[in-house]
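# Structure at a glance
For reference, the chains in residue letters:
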Amino acid sequence: QVQLVESGGGLVQAGGSLRLSCAASGLTASPHVIAWFLPAPGKEREFVAAIRWTGWSGVSTYYADAVKGRFTISKHYAKDTVYLQMNSLKPEDTAVYYCACQPRSNYPVKDYDYWGQGTQVTVSS
């Protein structure tokens, strides 16, 4: 059973930075995909960024246009922990950010089987 634990949310002023973490447990043979989403009114959650990795290398990253150049998704070199470095934050980035995982998968992913509990990001103006 895969479990995801998010952390790193908080309150920051506009222009500031935060780093979110998504620690996954229960993953076995790769490749795996972990992605970050946020709620979108009236529709499914909105994609933010995703990372796919295989073994010790072969990392691929994907971003929504709205966050390209501001957010960076990465993975710890030895652990199944994914980070979302968020720079130049704007008030409109305020949301609960969720990480999702699809084990033994390539990208893109149609439906993610596992979701974290979410972490609140609040950006003040």
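Structure's up top.
Attention here is on the structure that accompanies the text. (Residues numbered from 1 in each chain as written. Predicted model: local features only at pLDDT ≥ 70, side-chain atom pairs only at ≥ 80, totals over all residues. Heavy atoms only, no water.)

Moving on: the overall build of the chain. In terms of helices and strands, the chain carries 0 helices and 11 strands. Scanning the chain from its N terminus toward the C terminus, one meets helices and strands in the order β-β-β-β-β-β-β-β-β-β-β. Taken against the 2.2 N^0.38 rule, which gives 14 Å for 125 residues, the C-alpha radius of gyration of the chain at 14 Å falls within 12% of a compact globule. Across its three principal directions, the C-alpha atoms of the chain cover 45 × 30 × 25 Å. Evaluated residue by residue, the chain yields a buried proportion of 45% over its 125 residues. In the chain, which carries 11 positive and 9 negative side-chain charges, the distance between the mean positions of the two groups comes to 6 Å. (Helix = DSSP H or I, 4+ residues; strand = E, 2+ residues; numbered from the N terminus. Rg over C-alpha atoms; globule rule 2.2 N^0.38 Å. Buried < 20%, exposed > 50% of the residue type's maximum accessible area, 1.4 Å probe, protein only. Lys, Arg positive; Asp, Glu negative; His and termini not counted. Charge placed at Lys NZ, Arg CZ, Asp CG, Glu CD.)

The next point concerns the state of the cysteines. In total, this model carries 1 disulfide according to the counting rule given. There is a disulfide in this structure between cysteine 22 and cysteine 99, and the S-S distance comes to 2.1 Å. Its S-S torsion of about 65° marks the bond between cysteine 22 and cysteine 99 as right-handed, since a negative value means left-handed. Of this pair, cysteine 22 sits in strand E3 (residues 18-25) while cysteine 99 sits in strand E9 (residues 95-102), placing them 77 residues apart in sequence. By relative accessible area, which is 0% here, cysteine 99 ends up buried. Distance from the sulfur of cysteine 101, which forms no disulfide, to the nearest cysteine sulfur (cysteine 22) is 7.3 Å. (Disulfide = S-S within 2.5 Å.)

Of the voids in this model, the largest pocket is the one considered here, and its volume is about 170 Å³. Around the largest pocket, the lining is made up of 14 residues, and of these Leu38, Glu46, Ala66, Glu92 and Asp93 lie nearest the centre. Those elements giving two or more residues to the lining of the largest pocket turn out to be strand E5 (43-54) and E9. The biggest single contributor to the lining of the largest pocket is E5, with 3 residues. (1 Å grid on protein atoms, 1.4 Å probe; cavity = no way out; pocket = protein on both sides within 12 Å on 5 of 7 lines; lining within 4 Å. Points joined across faces, edges and corners; volume = space filled by probe spheres on them.)

What follows covers the sheet that holds strand E8 (residues 81-86). Consider a sheet: its strands pair through backbone hydrogen bonds, and that pairing is either parallel or antiparallel. Judged by pairing direction, the sheet is antiparallel, and its 4 strands sit side by side in the order E1-E3-E8-E7 without closing on themselves. Bordering the open sheet on either side are strand E1 (3-7) and strand E7 (71-75), each of which pairs with just one other strand. Each neighbouring strand pair of the sheet contributes to a mean axis angle of 15°, computed without reference to strand direction. Two strands pair when backbone bridges link them, and E3 and E8 are joined in this way by 6 bridges, in the antiparallel orientation. Across the sheet, serine 21 pairs through a bridge with tyrosine 83, a residue of E8. (Pairing = 2+ DSSP bridges. Axes fitted to C-alpha atoms, helices over the stretch in contact; angles between N-to-C directions.)

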